[in-house]
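Working through the structure, step by step
For reference, the chains in residue letters:
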Amino acid sequence: MGSHETEPWLLENGNPKVLTREMRHGRTAHSRSSMSLRKKSDRTLVQKIRCALLRDLLSNVQEVILGTKLSILIPAVPLAIAAEIYGLARPWVFILSLLGLTPLAERVSFITEQVAFYTGPTVGGLLNATCGNVTELIIAIFALSSNKIAVVKYSLLGSILSNLLLVLGTSLLCGGIANRGVEKKYDRRQADVNSLMLLLGLLCYLLPMLFNYSAASPALTADPSLYLSRASSIVMLIAYFAYIVFQLWTHRELFEAEDEDEDGNKDSEEQAVIGLWSGIAWLVGMTVFIALLSEYVVDTIEDASDSWGLSVSFLSIILLPIVGNAAEHAGAIIFAFKNKLDITLGVALGSATQIAMFVVPLCVTVAWIMGVKMDLNFNLLETGSVALAIIVTGFTLQDGTYHYMKGLVLLLCYVVIGACFFVQRTPLNQADVTNFTLKPATNAVLGA
Amino acid sequence: MAHHTMEEDLNIAPPPQAQNLTSSMVTKKWPFLVTKGRFQLLRNFRANLQKVIFGTKLAVLFPAVPLAVVADFYSLGRPWIFALSLLGLTPLAERVSFLTEQIAYYTGPTVGGLLNATCGNATEMIISLLALYQNKVNVVKFSLLGSILSNLLLVLGSSLLCGGLANLRKEQLYDRKQADVNSLLLLLGLLCHLLPLMFRYALAGEYASIATSTLQLSRASSIVMLIAYAAYIFFQLKTHRQIFDAQEEDESEDGEKAVIGFWSAFTWLVGMTLIISLLSEYIVATIEAASDSWGISISFISIILLPIVGNAAEHAGSIIFAFKNKLDISLGVAMGSATQISMFVVPLSVVVAWTMGIEMDLDFKLLETGCLALTIIVTAFTLQDGTSHYMKGLVLFLCYIIISACFFVQKTPLIGEYICIYLIISVSSGIFCETFIIFHYKNG
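What counts as what
- Residues numbered from 1 in each chain as written.
- Chains lettered and ligands numbered in written order.
- Predicted model: local features only at pLDDT ≥ 70, side-chain atom pairs only at ≥ 80, totals over all residues.
- Heavy atoms only, no water.
- Helix = DSSP H or I, 4+ residues; strand = E, 2+ residues; numbered from the N terminus.
- Buried < 20%, exposed > 50% of the residue type's maximum accessible area, 1.4 Å probe, protein only.
- Contact = heavy atoms within 4.5 Å.
- Areas by Shrake-Rupley, 256 points an atom, 1.4 Å probe, with all protein chains shown as cover.
- Expected span 1.5 Å × (residues − 1).
- Patch = residues over 30% accessible without salt bridge, like charges linked within 9 Å, V, L, I, M, F, W, Y side chains within 5 Å.
- Salt bridge = Lys/Arg side-chain N within 4 Å of Asp/Glu carboxyl O.
- Polar contact = N/O pair within 3.5 Å; in protein donor to acceptor, adjacent residues only side chain to side chain.
- UniProt positions renumbered as here; feature names shortened; annotations may be inferred.
- Phe/Tyr/Trp six-rings, centres within 6.5 Å; stacked < 30°, edge-to-face > 60°.
- Lys NZ or Arg CZ within 6 Å of the ring centre and 35° of its normal.

Here we look at the overall build of chain A
Helix and strand counts for chain A stand at 21 helices and 2 strands. In chain A, which comprises 448 residues, the proportion classed as buried is 59%. The contacts of chain A with a sequence gap of at least 6 include a subset with a gap of at least 24, amounting to 84%. Within the structure as shown, chain A displays about 17900 Å² of accessible surface, and the carbon and sulfur contribution to it stands at 66%.

As structure tokens, this is what we get:
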């Protein structure tokens, strides 16, 4: 970037807004929120061991495995594998896998961040922009390969809903209550860009659905709708690419969340705690475990749904995303408590944008390559929920301030949507679009 | 005869509206042809001709007008007539707004503003009236809808995109009050389109006379929309004109007078209108043949192709102003034109159809109304905060690409899989063109 004298728009409150330490390491708000969950590990325990290699390994293990408060859930990983091998009841496998995924999701973002220390800000930012929701992506790809398109769609949709309404809602609620009487501000420009991207995504989801309804017979539109979805996916990927350029190069000052008052403990976290290659090795290992657990989750979701009497749509729209987003969720709330709304918004909206504009079209493209016919047609109810969630969130973030009422409304929206999918006890195959037109639906509504 | 470049006309503007400012940006000077004629009358005529016909860079497309007439006369292939007429309409649409502006010099700001508010989209209006006359209600609806979409997404999107890229390190500000008024009117228009649609779905099968009541609702809504448009004009020209005053202080002050006389301008206007109606008639008559022979659906042609042609001049002007970081004018063009079509041309068509005994309602189909709704919401969101950057423009532009892809696949399953390739090519070429324009512009 050029000199700051010639760039008055970089000045904020009269001070030049220099790149903070976070940006130099490619850390966005997204990655930093999960940091708050981490605890300081003391190395005294490790120092006693003699062999250097072993000591390194153990300190690595300590940093990576035990570095988070969520690590009490790590035992669920071997338990899930054991349960699968010894053929325990499938719902148990499902729930253990879900529990095991929670810390793994957090750890992946930790390791991504560690790797970013070595690669510099741009590659780090790119890494973060692609791997930020790696759990959702892996689950989606496994569900695709076992041809459970509805699970893919529902879980991604649910992830968008949960980020926009649940994470953002609880953060605003907690932040609003904790900081009563304090002026609460954030930079609305970042929120605007994200809302805009989400609206573009909404258009892409809405068109194939309207397309199906507008034709005389749904069978006629199956193919064009698929082509439209694939074309839209490519456009969405282009838009996401432009968004990354916007975020990392041309307008990075919008996305730079500032926290100056944490300098004290920042310094200790300045250096990477693990090496580049061990970071990559851990990343690969974690990904393998996530893949394994995701496969269990995808395989057992229907059995779990049957034995618990909950619909698959509820499990994948509400339950899966809560697990996948648990770490980000906690981080977002903690930053909201500290009245650092910019970081909270960066997490919640950034994650939602990433899923809507990157993971979803990527899944469509991957399905295309695999020969699976996945389109962007979520059903009426789901698309309606997303549309309202995006519009409500966009409206909420219009004025650059917040109060707990905004958070409460968002949270209640989530509760209502959750209730809606809870009572919707449809078998999976009927929820698949094709033989379902608007007229019977409206007649059913009128008849009721 | 003094040579005025039309750019100097920028701040003559008795009705200082953005819409007629832009078309003057594409006008240019043709340095030959005057001065030698012996007779005063002949010389005047030539001067006039030079000003009116050759005053624009789009004049290279004028030969398409006689060619279209010839093609029709010798009954060439109907798709050819269609393509030639479309090309010929492009400069005519720009010239009409130029002449309107010229007449406005003589009539004063208020009448000029009124003239502009009614004739600003004369081409679209003539095409729709002729299509109505031939009872092609769908073409009317599609082309007007497409015009709104193209103004809001294509014109505005590419303007913001180019403006954002060209002024990457500058603050891009505009007055959001004007955009707010326009968004509000567009939302009112959206309601008027949504209600008949929901009416049809909600009451399906309950009443036999559903069509009649939809029609009555549409006619009532149209009258309300016309009233709203009249109030908007009053608001814009009388009570709150400072909101709509596009500010350009730095331009010089010569070029203060009109370049052609009132009556000659009037005559030209009448003549142009006649030619436009001729070409429009060709277009309306040949649209189905063109659709058949090209394998492209009528909805794609009327929603995407027709409006691009009708708005070409405004589009170019709007982008040029965005390059100069004068977003107020760009917004005035795009939003003003969309509002005018949505709140004036559409209800006028319904009322005219009523008097002609044609049953035209406001019920666009589900897909089309959905596109319109999302377009209006996205645009309103984009223009909320009074600043702009290229990402906003890009998102709007991509929305347009997706919507056009949607109408492209609608009835053309034959082309199928290749649409993606087509889209990638079109998007990337669009982006390349724009970067090229920027570099070209930056190097002078």
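Section: the overall build of chain B
Of the regular secondary structure elements, chain B holds 17 helices and 0 strands. By sequence separation, contacts in chain B at least 24 residues apart represent 85% of the contacts at least 6 residues apart. Element-wise, carbon and sulfur atoms account for 68% of the exposed surface of chain B, whose accessible area totals about 17700 Å².

Some words on helix α6 (residues 122-133) of chain B
Residues and elements named next belong to chain B. With 12 residues, α6 ought to run about 16 Å at 1.5 Å a step, and its terminal C-alpha atoms sit 16 Å apart, in line with that. Summarising burial for α6: 10 of the 12 residues are buried, a large majority. A122, T123, E124, M125, I126, I127, S128, L130, A131 and L132 are the residues of α6 that are buried. N135 sits one or two positions beyond α6 and adopts a positive phi of about 65°.

A short note on a nonpolar patch on the surface
Residues and elements named next belong to chain A. A cluster of nonpolar side chains, I85, Y86, L88, W92, I95, L99 and W308, forms an exposed patch at the surface whose accessible area comes to about 780 Å². No other element matches the 3 residues that helix α6 (residues 90-119) contributes to the nonpolar patch. Note on placement: L99 falls in helix α6. With relative accessibility at 35%, the residue L99 sits in the partly exposed group.

Notes on the side chain of K153(A)
All names here are of chain A. Tracing the backbone through its elements, the reader meets K153 in helix α9 (residues 149-178). For K153, a relative accessible area of 8% puts it in the buried group. Polar side-chain contacts of K153 include one of 3.0 Å to the backbone oxygen of N377. Those residues in contact with K153 that lie beyond four places of it in its chain are M374, D375, N377 and F378.

Brief notes about the environment of F117(A)
Residue and element names in this part refer to chain A. Along the polypeptide, F117 turns up in helix α6. Residue classification places F117 among the buried residues on the basis of a relative accessible area of 15%. Measuring from C-alpha to C-alpha, the distance between F117 and V273 comes to 9.7 Å, with 156 residues separating the pair along the chain.

Quick look at the pattern of salt bridges
Inspection of every chain in the model, using the stated rule, returns 11 salt bridges over all chains. Between D303(A) and R90(A) there is a salt bridge; the shortest N-O distance is 3.0 Å. Of the two residues, D303(A) is situated in helix α14 (residues 276-308) and R90(A) in helix α6; the sequence distance between them amounts to 213 residues. Between D385(B) and K392(B) there is a salt bridge, and its shortest N-O distance comes to 2.8 Å.

Details of the UniProt feature "transmembrane region" (unreviewed entry) in chain A
Those places that UniProt annotates as "transmembrane region" (unreviewed entry) correspond, in this numbering, to residues 154-175, 196-215, 227-246, 274-294, 314-337, 344-370 and 404-424 of chain A. End C-alpha to end C-alpha, residues 227-246 of chain A measures 28 Å, and it is 100% helix and 0% strand.

Focus: the UniProt feature "domain: Sodium/calcium exchanger membrane region" (unreviewed entry) in chain A
The UniProt entry lists residues 92-249 and 279-417 of chain A under the feature "domain: Sodium/calcium exchanger membrane region" (unreviewed entry), expressed in the numbering used here. Measuring from the first to the last C-alpha atom of residues 279-417 of chain A gives 39 Å, for a span that is 83% helix and 0% strand.

Some details on the packing of aromatic side chains
All names here are of chain A. Taken as a whole and assessed by the stated rule, the structure comprises 15 aromatic pairs over all chains. Grouping aromatic residues by their ring pairs yields a cluster made of Y240, Y243 and F358. Across the ring face of F335, the terminal group of K338 is positioned such that the distance to the ring centre comes to 5.6 Å.

Here we look at the side chain of S404(B)
Residue and element names in this part refer to chain B. Residue placement: S404 occurs in helix α16 (residues 390-410). At a separation of 2.9 Å, a polar atom in the side chain of S404 contacts the main-chain carbonyl oxygen of I401. Among residues more than four places away in sequence, those in contact with S404 are F300 and I304.

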